[in-house]
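# Residue-level structural notes
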Amino acid sequence: MSIPFFLKKYWIPLLFFAAGLFFQLVVLPSSYPPTHYEVLKLGRNASVEEVTKAYEQLSQNWLSKSGRPTVADFIKIRYAFELLSNPLLKIYYDQFGFDEQQDVLVSIKEQYRNEEDYTKVKLPLLNTPSSDSAIDAFNILTREELMSGTDKEKPLLVQVYSNWSPRCAQFSDSWKRIASLLDGVADTGMIEVSDFAAYDADKNFPKQLYHAGLPALVAYPPSCRSSDCSMRYQGELSVDAVVDWTSTYVLGLPRILYYSKETLMSKFFANVAYNKVKILFFSSTGERAAPYLRQLALKYSDYAAFANILWTEEDSQFWWNSLKVESGPAFVILKGGAVDPVVYHGLPSRSEVVKLIEEHRRQELPQLRSDTATQLGCDAKGHSRAGFDTLVWYCVIVAGRPSSELTKMREFVRSTREKLTGYSGADQIENPGLVNDAAITPAAVAFKDNRLTFAWLDGDVQKKLCLFYLNPEDAEGACGPRYGDYELPRVFIVRFQRRTKEEEENLKKRTKQSAMQSLLQEGGNSASQLVAKYNGTQEADEVVKWISQIIKDGDTQTIPFFDQKAPDFEPEESNRAWASGTRIVRSAGSGLVQKMKSVISLVSDFARGPWVGPALFLCACITYGWISLKSTTPSSQPTNNGQGNTRRENDKKAKKTERKKAKSGSTDKPVSITDEEPKDAVNLLSSGSDSE
């Protein structure tokens, strides 16, 4: 019975002791196998001469039959000798613990597994490099260049390499491909392992880095070149894996997903806002989108949505009938249901893709949203594209619910805007002298001076603002939810007017004097708004003349300031075509996935420490002593303690009895017939009484 009691009492120190014993006997030997110096029975950092002498002494013992080694032991000893007798390999092994040719050792052991004669092993085992050998390195960074940073505005991906490493030589072609894919998005460079160790010698980061051997990849986010914010790549050394890790976790770029003909409509078009341009990339290889395409997907996320499609011969007829795509690679631009897709065959460069997107973007009519109103100068907060000194500016808006009618009206307003540019797709007038008609000169000059903007408004999402600009009769087919098939987008112009500096100063004085005026001013607009609706024909020339007349009257006539507050813009969802989880993992190690990997790596490095076993033994001793000290109590006055416990129990019982009596109304006073007089009692006097 004493053994179970002992285990129950001291199970915590026994658990610590068992864990420490397991670590010392199992975990530690596997994490720290015998060094090559120990194989040769030498001390750490022995010289090359001592290594050669130790190997010769061991080989002398092999001459006798009793001292002949097994093939496995011979390979182990010979491998240690060849590694430590080469000065270059020995330096890296002593300084960093590198032994990247362990795979050679494993393959040789497997090759001669069934061999019994060690003399049949072919020598040398290693093709050791010389100090003059070098891999095909490029963009080499020195320690000073790494500290300063060639371009701190971009992230930097560094390969830590060594000339002698065969893995670095094998990785050379892949690294060139990685650098070419990241060109223009992130900087890349190579640094020799000794320079990198000197650059970060005071940190524990290099020690963690070298556990996986070389080549090692380290990423630095923008404006950072220290190990405090660096990120260590721990995945597979493949082009696709490295580029995807850099694009996702270092740059924070969205992934462009692949869709099939079955999922393109249900999972891509259905989740993308109607107003956005759809850009489809057809790939014949199925590889991930290049980093520059992912960067464009982020840059133009408010304007366009991107998707990847794998082009195959089986689906070629479908893509030809639907999008006029003959083969891959190709990319398609879809601007709306009423506009035919624009198809470009071939693999364009980054500059060509940017040029095409910008051309289509300039030709598109911008949407008036909560995040674009200030940029377009079409809100009542007093922001104008022409600058703060401009007091009057205008915004031509086409409002309607998303439909084919709205698409046609947007194209019509866009063509109207082109009448004022002098050539298609420009934001400014190329030659104001081209506009000689006095009827359209005010509009042309206002457009040139950035006092005139064209935009479209989603009447469904921005229902309140749409109804504010249009009366109920005009807003029936343009504003609010769709209840029928009636769709009639409306075109109107808004005149914005800002107060002069003198008016602003007078207004501030009035608000200080009146609390009510101050409250009204807080809820008002910074600019007055006056709306005029267009009711003419859908001819660009007529609309331009109408706009010019409005601008002429608005600039020459004195119009009072209106304080009526306009409704705020409704926030619109961005409707990204990429998964939101991808954007959660943002750069510089702040992503959840990256943090989890860092924690796992930290725990792994922590568990390999040789001090873990002694620490567990120390915990076992401390807990054992604490339990023993706690269980040791004085043995004197056991009777008094027992009497004290009995007295406390009796007191508790007495108090409990008193509470019960108090509730029942009884007391300890003895019961007597004379204690209380009955209500119907009568005092009867006897005959012998003294009373008269």
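Residues numbered from 1 in each chain as written. Predicted model: local features only at pLDDT ≥ 70, side-chain atom pairs only at ≥ 80, totals over all residues. Heavy atoms only, no water.

As named in an unreviewed UniProt entry, the chain is DNAJ heat shock family protein, taken from Rhynchospora pubera.

### Points about the pattern of salt bridges
Opposite charge on two side chains allows them to pair when their charged atoms are near. Stated precisely, the cut-off is as follows: A pairing counts as a salt bridge when a side-chain nitrogen of Lys or Arg comes within 4 Å of a carboxyl oxygen of Asp or Glu. Working definition: helices are DSSP H or I runs of at least four residues, strands are E runs of at least two. Numbering for both runs from the N terminus. Partly exposed residues are those whose accessible area sits between 20% and 50% of the maximum for their type, while under 20% is buried and over 50% is exposed, using a 1.4 Å probe and protein chains only.
All told, the structure shown has 17 salt bridges when counted by the stated rule. Note that Arg288 and Asp244 form a salt bridge whose closest N and O atoms lie 3.5 Å from each other. One end of the pair, Arg288, is in the loop between strand E6 (277-283) and helix H15 (291-299); the other, Asp244, is in helix H13 (residues 239-250), and 44 residues separate them in sequence. Accessibility expressed as a relative area gives 9% for Asp244, which makes it buried. A salt bridge links Glu418 to Arg414; its shortest N-O distance comes to 2.5 Å. Of this pair, Glu418 and Arg414 both sit in helix H19 (residues 404-419), four residues apart, which is roughly one turn of that helix.

### Some words on the pairing of strand E3 (residues 216-220)
The cut-off we apply is this: By this definition, two strands are paired if DSSP reports at least two bridges between them.
Of all the five residues making up E3, five are buried; the element is thus mostly covered by neighbouring parts of the structure. Of the strand pairs in this sheet, strand E1 (residues 156-161) and E3 are connected by five bridges, and their pairing is antiparallel. Across the sheet, the residue bridging to Leu156 is Tyr220, located in E3. When E3 meets strand E4 (residues 231-232), the two strands line up antiparallel, connected through two bridges. Across the sheet, residue Val218 finds its bridge partner in E4, namely Arg232.

### A word on the state of the cysteines
Short version of the rule: Cysteine sulfurs are considered disulfide-paired once they come within 2.5 Å of each other.
One pass over the structure, following the stated rule, counts two disulfides. Covalently, Cys378 is tied to Cys395 through a disulfide, its sulfur atoms 2.0 Å apart. Around the S-S axis, the bridge from Cys378 to Cys395 shows a dihedral of about 85 degrees and counts as right-handed. Of this pair, Cys378 sits in the loop between helix H18 (373-376) and strand E10 (392-400) while Cys395 sits in strand E10, and the two are 17 residues apart along the sequence. Given a relative accessible area of 1%, Cys378 falls into the buried group. Note that Cys466 is cross-linked by a disulfide to Cys479, the S-S spacing being 1.7 Å. On the S-S bond that ties Cys466 to Cys479, the torsion sits near -60 degrees, and the link is left-handed. A residue pair is termed long-range when its members are at least 10 positions apart, and Cys466 in helix H21 (residues 463-469) and Cys479 in the loop between helix H22 (472-475) and strand E12 (490-498) qualify at 13 residues.

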